[in-house]
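Here is what each chain is made of, one letter per residue.
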Amino acid sequence: MKTMKAFLSLSLIMAIILVTAACSSGNSSSESSAGSGGGSEAQQSEQSKENAAEKEVTIRYLHWASGQDEVQFRAWLDEFENSHPNIKVESEFLPYDTYNSKVKTDLISGNAADVIGFTSSDWFAYTYSNVFLDLNTLPGAQEVFGQLTEDSVAAFNVEGAQLGAPTGVGRRVPFINKDLFAKANVPLPSQTEPMTAAQWVDMMKKVQAGLEGDMMAANLFPEELLYSLALSAGSPVLSLDGKKVMVNTPEGIKAIQAFKDIMASGAQVPILDVWKGAYGNPDSALTTGKVAIGWTGNWSLNAMKEANINYMSIPAPIVEGGKVTQVGYLNSHVIPVASKNKEAAWELVKWMSSKEGQLSFGKFSDLPVNKEALAETLETLQAGDPNAFTGFAAAKESVVATPPFPSDFDTLRTGLQSKLVSDKVTAQQFAEQLEKEGQPMLDKYQANIGK
Amino acid sequence: MGSGRSKMGIERREKLAGLLLVSPWMAGFLLFGIFPMAVSGYLTFVKWDFLREPRWIGLSNFEGVFRNPIFYTALKNTLIITFGSSLIYLVLGVVIAAMLAKDYLGANVFRAIIFLPSLVIGTALASMMQPVFGNGKYGLLNQVLNLLGLPYQSWLTEPGQAVWVIVAMSFWFLGSGVIIYLAGIKGIDPSYFEAAMIDGANGLQQFYKVTIPLLTPVLLFQSIMGIIGGLQVFDLALTLASEFKTGGMGNENSLATLVFYLYTLAFRDYNMGSAAVVGWTIFIVSLLLSLVIFRLSKKFQLFGEEESK
């Protein structure tokens, strides 16, 4: 049986390696640390002497990143190397599209990196496959995880086993182009007080009416709009663990109707064209200069600045009487059981979770999950660029991680979304069909990844 | 006696040499043909996600696949593509080949023009066609419809419509079939046409009464190749579907084909057992359709086997 598995795996691995190898880019510390801060060189040299007796270890690190992200991630690792001179980190970065195939292939072949980055939804598929180390068994784990937000730690805990260390939370909110609002002669919305879906529709229509022919009022992120409206109604689309469809309730149907009202307002890019075309996508919509409202996170700020967009973040819409809740994407790091350098890998993960590591992380990537670092980062970001970060603050306390779901469920939901917007199903039929057809998909998925 | 023994020795040596000569191919066939098929057959009965040991689950994979409506969407789409594209290759291919068979000025240029598009690979073609079949005002074809006062179409996202875009793309690969038909037509003895002309047959009658009957072996070959090709459509669908963030095979699986579904099960969901079931389904459908064509060909084929008897 094992021989067969090995044979089958080998064939697959060879095929996938050929594909992914072409897309990946490797960096060794020696290549990219050359440009790191010279000020710390003396300190590093001192520490090096102190640790001269210790054996130097090289660990491998894998994460998704490309372009500027890759440079920033590498600089983050360089920072770790400077404070841990006996540990060298060989990093490999891949575009997200090919990343998961590479991870799976590496894990199958037993050749995985010592520390691997994961999103909570991708990590979930490995829950019962026994390929990740229970980090709680490592020295100082309780202390490390005690410093992080409880929700983020819980998201990677399976029946007491801590299979991942949370690192950051990615959040998107609506961003507006203030100049286009002025051009349309529409007053700017509040950065702290969320508007209801009905108020949003009204605002979007006014903006659309005031813009020139080839401009659009909004290119919102349909999935996140639906999820956040459902959360604000207190009836999420899925349960937090991704096991149950929860939206088929009167409150959920109200949220679906609100979603439809916004998406079919005539002031939003057609739902099936949200990710392509002249209006970019929700992340890049504002930088096109043709869209007044987009839906993105802090990662788009540089692009917006370069495009001279006069931006401002605002809270996501809520249902009438609903609470402000935001959808977030939790990211984590894992150590594979097969790692030959578990101790050094744990040193890296500990540093990434520490206040020091998290503060650095928060400067170039998602928001930190270390409580102290999060508070400090939010404060700094808001003070430095209130236009960008005040809109995030409205939902500071209520960020809900995207639950894991199988891809056929995703296809079903997106299909229903487009049917809803084109009046082929009602909000109630949407909720009923999602539950009726989607629940068996979730059950099957859970059974497939289960014990 | 002695000469008989030596004759047997020669025969044995010849047999051995023959076996030795075919052994590399046999080894390859066993290793890369029969063995993977046997493994794939075994996989249909197990649950395997690469990471854990395969676990015997009996017929559950068959049940899972055959009870899933996506499978039937994929099967329906695949059959539409198979028959649609085969029809284009057969009918248009033969007609164009017959027109190109005549040696007039510039015939070679026309032959090259017809053949060249078939050199484009599927993914490149699909990428080129995305803007043509784009939704709403983003699509070039929709712009043309708009000029004609017709409503916009959701070419690639409307279930039941997207698959016809793939059928339409078959025109692009018409050239390779035309070349084979052309070779077949050129191989027909000119005396048949001369005899038909003497009997007073016009061009159309020559085509129906001489060209088509004598071309039936080529038509049979092309039909089977067309069916196998149609059942394996994947790259076009994958590239077209990748444009939409719908988590899978196009909006509401509008671009699902059997091979696309197999790929999705195997390399997106890591459900190798179900993927193997789809693989065997493709094999059985190909086999059945090929058998039907062979049976039909016995009825209609007027040249080849019959003539050789």
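Residues numbered from 1 in each chain as written. Chains lettered and ligands numbered in written order. Predicted model: local features only at pLDDT ≥ 70, side-chain atom pairs only at ≥ 80, totals over all residues. Heavy atoms only, no water.

The name recorded for chain B in an unreviewed UniProt entry is Sugar ABC transporter permease, from Cohnella silvisoli. Listed under Subcellular location (unreviewed entry) in UniProt, the entry text for chain B is "Cell membrane". Listed under Sequence similarities (unreviewed entry) in UniProt, the entry text for chain B is "Belongs to the binding-protein-dependent transport system permease family." (UniProt positions renumbered as here; feature names shortened; annotations may be inferred.)

As recorded in an unreviewed UniProt entry, chain A goes by the name Sugar ABC transporter substrate-binding protein, listed as coming from Cohnella silvisoli. Under the UniProt heading Sequence similarities (unreviewed entry), the entry covering chain A gives this text: "Belongs to the bacterial solute-binding protein 1 family."

Student: Can you help me understand the overall build of chain A in this one?
Tutor: Each helix and strand in chain A was counted, giving 19 helices and 14 strands. Within chain A, the fraction of its 451 residues that count as buried is 56%. Residue pairs at least 24 apart in sequence account for 76% of intrachain contacts in chain A once pairs closer than 6 positions are excluded. Put simply, chain A shows about 18500 Å² of open surface, and 53% of that area lies on carbon and sulfur atoms. (Helix = DSSP H or I, 4+ residues; strand = E, 2+ residues; numbered from the N terminus. Buried < 20%, exposed > 50% of the residue type's maximum accessible area, 1.4 Å probe, protein only. Contact = heavy atoms within 4.5 Å. Areas by Shrake-Rupley, 256 points an atom, 1.4 Å probe, with all protein chains shown as cover.)

Student: Before we go on, may I ask you to explain the overall build of chain B in this structure?
Tutor: Helix and strand content of chain B: 14 helices and two strands. The buried share of chain B, taken over its 309 residues, is 43%. Partitioning the contacts of chain B with sequence separation of at least 6, the portion at a separation of at least 24 is 65%. Here chain B displays about 17000 Å² of accessible surface, and carbon together with sulfur accounts for 71% of that area.

Student: Whenever I open this one, the side chain of Thr78 of chain B confuses me. Can you help?
Tutor: All names here are of chain B. Along the chain, the position of Thr78 falls in helix 3 (residues 69–101). Assessed through its relative accessible area of 1%, Thr78 is described here as buried. In this structure the side chain of Thr78 is engaged in a polar contact, spanning 2.9 Å, whose partner is the backbone nitrogen of Leu258. The contact partners of Thr78, leaving out residues within four places of it in the chain, are Gly230, Leu231, Thr257 and Leu258. (Polar contact = N/O pair within 3.5 Å; in protein donor to acceptor, adjacent residues only side chain to side chain.)

Student: Would you take a moment to explain the sheet that holds strand 10 (residues 291–296) of chain A for this structure?
Tutor: Note: strands within a sheet are paired through backbone hydrogen bonds, in either parallel or antiparallel orientation. All names here are of chain A. Pairing is mixed across the open sheet formed by four strands, whose spatial order is 9-10-8-11. The sheet is open, and its two borders are formed by strand 9 (216–218) and strand 11 (311–313), each paired with just one other strand. On average, each strand axis in the sheet is tilted by 30 degrees relative to the strand beside it, whichever way the strands run. As defined by bridge partners, strand 8 (residues 173–177) adjoins strand 10 across four bridges and the pair is classed as antiparallel. Bridged to Val173 within strand 10 is Thr296. Packed onto the sheet, helix 10 (residues 197–210) meets strand 8, strand 9 and strand 10 and runs at close to 160 degrees relative to strand 9. (Pairing = 2+ DSSP bridges. Axes fitted to C-alpha atoms, helices over the stretch in contact; angles between N-to-C directions.)

Student: Before we go on, may I ask you to explain the environment of Leu62 of chain A in this structure?
Tutor: As for its placement among the helices and strands, Leu62 of chain A is situated in strand 2 (residues 57–64). When the C-alpha positions of Leu62 of chain A and Gly117 of chain A are compared, they lie 6.3 Å apart, and in sequence the two are 55 residues distant.

Student: Would you mind showing me how to read the pairing of strand 8 of chain A here?
Tutor: On a regular strand, one side chain projects to one face of the sheet and the next to the other, so that they alternate. All names here are of chain A. Most of strand 8 sits out of view: five of its five residues are buried. Across three bridges, the pairing between strand 8 and strand 11 is antiparallel. The residue of strand 11 that forms the bridge with Asn177 is Tyr311.

Student: Just checking my understanding: could you explain the packing of aromatic side chains for this structure?
Tutor: Each aromatic ring pair is described using two quantities: the centre-to-centre distance and the angle formed by the ring planes. Under the counting rule described, the total for this entry stands at 39 aromatic pairs over all chains. Ring plane angle 70 degrees and centroid distance 5.1 Å describe the contact between Trp123 of chain A and Phe156 of chain A, whose orientation is recorded as edge-to-face. Placement of Trp123 of chain A in helix 6 (residues 120–123) and of Phe156 of chain A in the loop between helix 8 (150–154) and strand 5 (157–158) is noted, with a sequence separation of 33 residues between them. On the basis of relative accessibility, which here comes to 1%, the residue Trp123 of chain A falls in the buried class. Judged by relative accessible area, Phe156 of chain A falls into the buried class, the value being 0%. Between Trp48 of chain B and Phe50 of chain B, the ring centres sit 4.8 Å apart and the planes meet at 55 degrees, which makes this aromatic pair tilted. With relative accessibility at 2%, the residue Trp48 of chain B sits in the buried group. Taking relative accessible area as the criterion, Phe50 of chain B reaches 1% and is therefore assigned buried. Following the ring pairs from residue to residue traces out a cluster consisting of Tyr61, Phe73, Trp76, Phe80, Phe93, Trp351, Phe361 and Phe364 of chain A. If you follow Lys104 of chain A out to its NZ or CZ, it ends over the ring of Tyr270 of chain B, 3.9 Å from the centre. (Phe/Tyr/Trp six-rings, centres within 6.5 Å; stacked < 30°, edge-to-face > 60°. Lys NZ or Arg CZ within 6 Å of the ring centre and 35° of its normal.)

Student: I keep staring at the nonpolar core and nothing clicks. Help me out?
Tutor: Where a protein is soluble and globular, its nonpolar side chains tend to be buried together. Counting 139 residues, the largest nonpolar core has Tyr61 and Ile116 of chain A as its most contacted members. A total of eleven residues in this core trace back to one element, the largest contributor, which is helix 3 of chain B. Met203, Val245, Ala292 and Leu420 of chain A belong to the second-largest nonpolar core, a separate cluster that totals 58 residues. (Core = buried A, V, L, I, M, F, W, Y, C linked by side-chain atoms within 4.5 Å.)

Student: Whenever I open this one, the pattern of salt bridges confuses me. Can you help?
Tutor: Here the idea is simple: oppositely charged side chains can pair when their charged atoms come close. Within this structure, the stated rule accounts for 23 salt bridges over all chains. Between Glu212 of chain A and Lys183 of chain A there is a salt bridge, with its nearest N and O atoms 3.2 Å apart. Here Lys183 of chain A lies in helix 9 (residues 178–183) and Glu212 of chain A lies in the loop between helix 10 and strand 9, a separation of 29 residues in the sequence. Note on Lys183 of chain A: relative accessible area 44%, which makes it partly exposed. The closest approach of N and O atoms between Arg111 of chain B and Asp103 of chain B, which form a salt bridge, is 3.3 Å. Under the relative-accessibility criterion, Arg111 of chain B is labelled buried at 14%. Accessibility expressed as a relative area gives 65% for Asp103 of chain B, which makes it exposed. When salt bridges that share partners are traced, they join Arg74, Asp78 and Glu81 of chain A into one network. (Salt bridge = Lys/Arg side-chain N within 4 Å of Asp/Glu carboxyl O.)

Student: Any chance you could explain unusual backbone geometry here in plain terms?
Tutor: A negative phi angle is the norm for most residues apart from glycine, just as the trans form is the norm for most peptide bonds. Residue and element names in this part refer to chain A. Even without being glycine, Asn185 reaches a positive phi, approximately 60 degrees. Positionally, Asn185 belongs in the loop between helix 9 and helix 10. By relative accessible area, which is 68% here, Asn185 ends up exposed.

Student: Please clarify how the confidence of the model for chain A should be interpreted in this entry.
Tutor: Low pLDDT marks stretches whose predicted atomic positions should not be read closely. Residue and element names in this part refer to chain A. Chain-level statistics for chain A give a pLDDT mean of 85 and a share of 86% at 70 or above. Here residues 12–26 is a poorly scored stretch, pLDDT under 50, and it has 24 contacts once near neighbours within four places are set aside; other chains count. Considering only residues more than four positions removed or in separate chains, one finds that residues 28–42, a stretch of pLDDT under 50, has 16 contacts. (pLDDT = per-residue confidence, 0-100.)

Student: Can you help me understand helix 11 (residues 222–232) of chain A in this one?
Tutor: At 3.6 residues per turn, the α-helix brings residues three or four places apart onto the same side. Of all eleven residues in helix 11 of chain A, eleven are buried; the element is thus mostly enclosed. Gly234 of chain A sits one or two residues past helix 11 of chain A and shows a positive phi near 80 degrees.

Student: Could you clarify how one ought to interpret the packing of helix 12 (residues 250–263) of chain A against helix 19 (residues 427–449) of chain A in this entry?
Tutor: For any two helices packed against each other, one specifies the inter-axial angle together with the distance between the axes. All names here are of chain A. Look at helix 12 against helix 19: their axes get within 8 Å of each other, and the N-to-C directions meet at 120 degrees. If you check the angle between helix 12 and helix 19, you find them oblique. Crossing hand, helix 12 versus helix 19: right-handed. Contacts between helix 12 and helix 19 involve Ile253, Ile256 and Gln257 on the former and, on the latter, Ala427, Gln428, Phe430 and Ala431. Of the residues that constitute the contact of helix 12 with helix 19, the class distribution is five nonpolar, two polar and no charged. (Parallel < 35°, antiparallel > 145°, perpendicular 65-115°, else oblique. Left-handed = near helix turned anticlockwise from the far one by under 90°. Nonpolar A, V, L, I, M, F, W, Y, C, P; charged D, E, K, R; others polar.)

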